[in-house]
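Chain by chain, the residues run as shown.
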Amino acid sequence: MAQFFHHNEFGYCARCPRTQHLHVCFGNLALAATAQEFEEFRRYVNETWERHCLITHDPEARNIALRTPAPRLALVFSLIELTQLRDILENTALLLEVELLLR
């Protein structure tokens, strides 16, 4: 059974007991990542959020692009959505850190 770390109305993050991959499901986005890939994605989302959190005039407008490794492909979020994704990732990272400390 998967170990759930955090969820909200937009999505969740859980760890697969077999592969140990972290599965981030958010809206119609699904990502299966190693711990290192998860951390890279978390940092990227957080950096993007920090760049836009004070300058976005309409928090519901989908005008924040998260670039992907694929050329000419980006994921587009509103500030509200990006904040919810960031919350899932940050809370999961915190729980992973606590887990490491308790070992």
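Thresholds, definitions, all that
- Residues numbered from 1 in each chain as written.
- Predicted model: local features only at pLDDT ≥ 70, side-chain atom pairs only at ≥ 80, totals over all residues.
- Heavy atoms only, no water.
- Helix = DSSP H or I, 4+ residues; strand = E, 2+ residues; numbered from the N terminus.
- Polar contact = N/O pair within 3.5 Å; in protein donor to acceptor, adjacent residues only side chain to side chain.
- Contact = heavy atoms within 4.5 Å.
- Expected span 1.5 Å × (residues − 1).
- Buried < 20%, exposed > 50% of the residue type's maximum accessible area, 1.4 Å probe, protein only.
- Pairing = 2+ DSSP bridges.
- 1 Å grid on protein atoms, 1.4 Å probe; cavity = no way out; pocket = protein on both sides within 12 Å on 5 of 7 lines; lining within 4 Å.
- Points joined across faces, edges and corners; volume = space filled by probe spheres on them.
- Axes fitted to C-alpha atoms, helices over the stretch in contact; angles between N-to-C directions.
- Core = buried A, V, L, I, M, F, W, Y, C linked by side-chain atoms within 4.5 Å.
- Salt bridge = Lys/Arg side-chain N within 4 Å of Asp/Glu carboxyl O.

Colleague: Residues and numbers for the side chain of N8, please.
Modeller: Position of N8 among the secondary structure elements: in the loop between β1 (3-7) and β2 (11-15). Reaching out from N8, the side chain makes a polar contact with the side chain of Q84 at a distance of 2.7 Å. The residues touching N8, leaving out its near neighbours within four places in the chain, are Q84 and I88.

Colleague: Quick rundown of helix α2 (residues 79-102)? Include the residues and the values.
Modeller: When the terminal C-alpha atoms of α2 are compared, their 34 Å separation across 24 residues agrees well with the 34 Å that a helix rising 1.5 Å per residue should span. Buried residues belonging to α2 abut β1, β2, β3 (22-26), α1 (35-52), β5 (64-67) and β6 (74-77).

Colleague: Just give me the short version of the pairing of β3, but keep the residues and values in it.
Modeller: Only one face of β3 is covered, namely the face carrying L22, V24 and F26; the face carrying H23 and C25 is uncovered. Where β2 lies against β3, five bridges are found, and the strand directions are antiparallel. The residue bridging R15 from the neighbouring strand is L22, located in β3. The loop that links β2 with its antiparallel partner β3 comprises six residues; one of these, Q20, has a positive phi angle of about 70°. Where β3 and strand β4 (residues 29-33) come together, five bridges link them in antiparallel fashion.

Colleague: Explain the environment of A70 residue by residue, including any values.
Modeller: Its place among the elements puts A70 in the loop between β5 and β6. Spatially, the C-alpha atoms of A70 and L102 are 38 Å apart, while their sequence positions differ by 32 residues.

Colleague: For the layout of surface pockets, give the residues involved together with the corresponding values.
Modeller: One water molecule sets the probe size; rolling that probe over the atoms shows where empty space is left. Taken as a whole, the largest pocket holds about 240 Å³ of empty space. For the largest pocket, the lining is made up of 13 residues, of which L31, F41, T68, P69 and L75 are closest to its centre. Sorting the residues of the lining of the largest pocket by element identifies β4, α1 and β5 as the ones contributing at least two each. Ranked by residue count, the leading element in the lining of the largest pocket is β4, at five residues.

Colleague: Which residues make up the sheet that holds β4, and what are the values?
Modeller: Read across the open sheet, the four strands follow the order β1-β2-β3-β4; overall the sheet is antiparallel. The sheet terminates laterally at β1 and β4, the two strands that pair on one side only. Across the sheet, the mean angle from the axis of one strand to that of its neighbour is 15°, orientation sign disregarded. Sheet contacts for α1: β2, β3 and β4; angle to β4, the most-contacted strand, approximately 135°. Taken strand by strand, α2 contacts β1, β2 and β3, and its axis lies near 140° from that of β1.

Colleague: Provide a residue-level description of the nonpolar core, including the pertinent values.
Modeller: Counting residues in hydrophobic clusters, the biggest one holds 21 residues, and the most contacted among them are F38, V45, F77, L82, L85 and L89. A total of seven residues in this core trace back to one element, the largest contributor, which is α2.

Colleague: Which residues make up the pattern of salt bridges, and what values go with them?
Modeller: One pass over the structure, following the stated rule, counts six salt bridges. The residue R43 makes a salt bridge to E39 at a minimum N-O spacing of 3.5 Å. Residue R43 and its partner E39 are both found in helix α1; the two are separated by four residues, about one turn of the helix. The exposure class of R43 is partly exposed, given its relative accessible area of 40%. What makes E39 partly exposed here is its relative accessible area of 26%. Among the salt bridges present, the one from R42 reaches E90, with a minimum N-O distance of 2.8 Å. One end of the pair, R42, is in helix α1; the other, E90, is in helix α2, and 48 residues separate them in sequence. The class of R42 is buried, set by a relative accessible area of 17%. Taking relative accessible area as the criterion, E90 reaches 23% and is therefore assigned partly exposed. Through salt bridges with shared partners, one network takes in E39, R42, R43 and E90.

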